[in-house]
Amino acid sequence: MSTTNTPSPAPSYPAQVTGMDILVRALKMVGIDTMYGLVGIPVTELAYLAQARGIRFVGFRHEQQAGMAAATHGFLTKTPGVLLTVSSLGFMNGLTATTNATVNCYPMIQISGSSVREPIDLDQGTYEGLDQLNVAKPLVKAAYRVNKPEDIPTAVVRAYRAAISGRPGGVYLDVTTPCLGAIMNAADADKLFYEPVDLCPAMPPAPDAVKRAAQLLAGAKKPAIIIGKGAAYARVEGLLKQLVETYNVPYFPMSMGKGVLPDNGPLSALSCRSTIMEEADVVILAGARLNWLLSRGHGKWSPDTKFIQFDIDAEEIDCNRPIAAPVVGDLESSLTAFLAEMSKLKTAADPAWVPGLQAETKTKNAKFEARLTANAAVQPMDHWTALGAIKPVMAANPDVILVNEGANTLDDTRDTLDMALPRHRIDCATWAIMGMGMGSAIGAAVATGKSVVAIEGDSAFGFSGMDFSTACRFNLPLTVVIFNNGGIYNGVGVNMSGDGDPAPTTLDVRARYDKMGDAFGATTYYVTTPQELTQALTEAIASKKTCLIDVQLGADSGKESGHIGYLNPAALETIKV
Ligand code: ADP
Ligand code: MG
């Protein structure tokens, strides 16, 4: 007798998802489409999953640079950039960038895997064990830990809102290894998701505050406006244009406020900083803080200057100087209300104020141009020779985003290159830090799809140079221009001990950075004359490829600390052996 073996039906289990699935879906739920990071235990599969589900993953060689990219992404898109790091050292490397983002008011979220809690809380030691949440807390705008997969969507929405609301900043989101690996029924997980309403609500100012500010400006004889990177971030160039043109208000841009209104427009007072600080009677601060960059070595305000401050953060008001008319709210709402109020008032500006500034601008700019021309023949090139060669190329390519860091390379480039468009200059910003170059350049290229030129001192490039290879792997239209003067500040430092070691500021003026670029398949140039530099940069930008130009400067070009030597506790000349 034969029996038929009918297979018993396969047991049916409910479909399951992991914490990582939920995290990726939660990020997509709030609109995240790009992630910067560096993988390893416990986040490798998370990155693969994100990539598979349509979130672009840009993998770096150092977490700090991935973080600089995420921060720049946040600044340029007005949505949080996302950084993914591994536990302990990876987390800490990334935290530098998240902290820098917080100082600069850039929205970003650092998501880091972390160890199981128990051995951390009992201090027993474990693989890459660190109490990351508590390390991050004092350095970021907000920090959260998520321990259960059920909490992930809430945690992501909270992190997003914290990064973007009020004054933007860096947020830390700690996700434990057990949470990433935890398993849930898919049907239960589905119920966790929802459409968050109004992720970045408008914050209109109080009408009385707007009225007070408008009355102050209307009565001003010599008004001026300082445009900071908060205005660049807030995308209020249209409203600012209307304000300055309707009321004939000269503007002075802070470094990353350059281009919000054109640097060489008729009302630009870019070359008249001291005159504004000494003579303006009413100064509007639009997304700019009255911090160290607007005091001490950077000029001295007249004691009679009255300020109108537009800022989203009420705590910023009065923090260094009394503010006569604070307007707390988001810049778009505030400027809209302010313009409406201004239209009801008569103004009283001194008709000689703007023509006076325009005359001063003309004289100063002519002097500056004469210096560039005079330096055109200097050999080996100095910073001005090189910048004179770069200036016409950048002017012909106004939509290229400029990333800039260094000491003299930063200061002299800022002074030389006019910006015509908003959010096209990204630099060391409020902390004046070195080591933001490759990350910011990559973030700018990825976030906008535009071409980027990074002008880097040789010392500055050293902090992030390895991540030039990331730009190469992702085929980004980035040209890195390295001003090689062989040192921090310059390459002529002297070791006073005579033991033959390099001086503390000495690097290598003969280093061939272009050969580093060759290693990763970039198009590279080594240039020693301004003509070669002009041609190389023109070609490089037009190619839309990843390029590196090693610009050979003389070792004696550049001075200690560039424009901020006054911050050193003593001058080098006072050191006695
Ligand atoms: P800068 O260095 O260019 O002077 P800061 O970073 O010092 O600029 O200042 C930027 C200011 O802009 C911060 O005080 C921040 O609170 C403010 N800010 C940022 N975003 C907005 C916004 N959307 N509306 C109003 N103010 C903003
Ligand atoms: Mg140097």
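Residues numbered from 1 in each chain as written. Chains lettered and ligands numbered in written order. Predicted model: local features only at pLDDT ≥ 70, side-chain atom pairs only at ≥ 80, totals over all residues. Heavy atoms only, no water.

**Notes on the overall build of the chain**
- Within the chain, the regular secondary structure consists of 22 helices and 19 strands.
- In summary, the chain has a C-alpha radius of gyration of 26 Å against a globular reference of 25 Å for 577 residues, a match within 12%.
- Each of the three principal axes of the chain carries a C-alpha extent, and together these read 110 × 65 × 50 Å.
- For the chain, the proportion of its 577 residues judged to be buried stands at 55%.
- Put simply, of all contacts in the chain between residues at least 6 apart along the chain, 75% involve residues at least 24 apart.
- Total accessible area on the chain is roughly 24,600 Å²; 56% of this is exposed by carbon and sulfur atoms. (Helix = DSSP H or I, 4+ residues; strand = E, 2+ residues; numbered from the N terminus. Rg over C-alpha atoms; globule rule 2.2 N^0.38 Å. Buried < 20%, exposed > 50% of the residue type's maximum accessible area, 1.4 Å probe, protein only. Contact = heavy atoms within 4.5 Å. Areas by Shrake-Rupley, 256 points an atom, 1.4 Å probe, with all protein chains shown as cover.)

**Structural notes on the environment of Ala432**
- Structurally, Ala432 can be placed in the loop between strand E15 (425-427) and helix H18 (437-448).
- Through-space distance from the C-alpha of Ala432 to that of Gly125 is 37 Å; in sequence the pair is 307 residues apart.

**Focus: the packing of helix H1 (residues 19-29) against helix H7 (residues 152-164)**
- Close contact between H1 and H7 brings their axes to 9 Å; oriented N to C, the two are set at 35 degrees. Relative to H7, H1 is oriented so that their crossing is right-handed. Contacts between H1 and H7 involve Gly19, Ile22, Leu23, Ala26, Leu27 and Met29 from the former and Ile152, Pro153, Val156 and Val157 from the latter.
- Considered class by class, the residues forming the contact of H1 with H7 number nine nonpolar, one polar and no charged. (Axes fitted to C-alpha atoms, helices over the stretch in contact; angles between N-to-C directions. Left-handed = near helix turned anticlockwise from the far one by under 90°. Nonpolar A, V, L, I, M, F, W, Y, C, P; charged D, E, K, R; others polar.)

**Things to note about the side chain of His73**
- Counting through the fold element by element, His73 comes out in helix H3 (residues 63-77).
- Once you skip the residues sitting within four places of it in the chain, His73 turns out to touch Asp33, Thr34, Tyr36, Thr79, Gly81 and Ala447.

**Focus on empty space enclosed by the protein**
- Enumeration according to the criterion identifies four cavities of 30 Å³ or more in this entry.
- Of the voids in this model, the largest cavity is the one considered here, and its volume is about 60 Å³.
- Residue lining of the largest cavity: 13 residues in total, with Asn100, Tyr106, Asp427, Met436 and Ser440 positioned closest to the centre.
- For the lining of the largest cavity, the secondary-structure elements that each account for two or more residues are H3, helix H4 (89-104) and E15.
- By residue class, the composition of the lining of the largest cavity is eight nonpolar, four polar and one charged. (1 Å grid on protein atoms, 1.4 Å probe; cavity = no way out; pocket = protein on both sides within 12 Å on 5 of 7 lines; lining within 4 Å. Points joined across faces, edges and corners; volume = space filled by probe spheres on them.)

**Topic: the packing of aromatic side chains**
- The full count for this structure, using the stated rule, is seven aromatic pairs.
- Seen from their ring centres, Phe91 and Tyr172 are 5.0 Å apart, and the 55 degrees between their planes marks the pair as tilted. Residue Phe91 is found in helix H4, and its partner Tyr172 is found in strand E7 (residues 170-176); the two are separated by 81 residues along the sequence. With respect to burial, Phe91 and Tyr172 carry one shared label: buried.
- Here Phe368 and Trp384 contribute two aromatic rings whose centre-to-centre distance is 5.6 Å and whose plane-to-plane angle is 85 degrees, an arrangement assigned as edge-to-face. (Phe/Tyr/Trp six-rings, centres within 6.5 Å; stacked < 30°, edge-to-face > 60°.)

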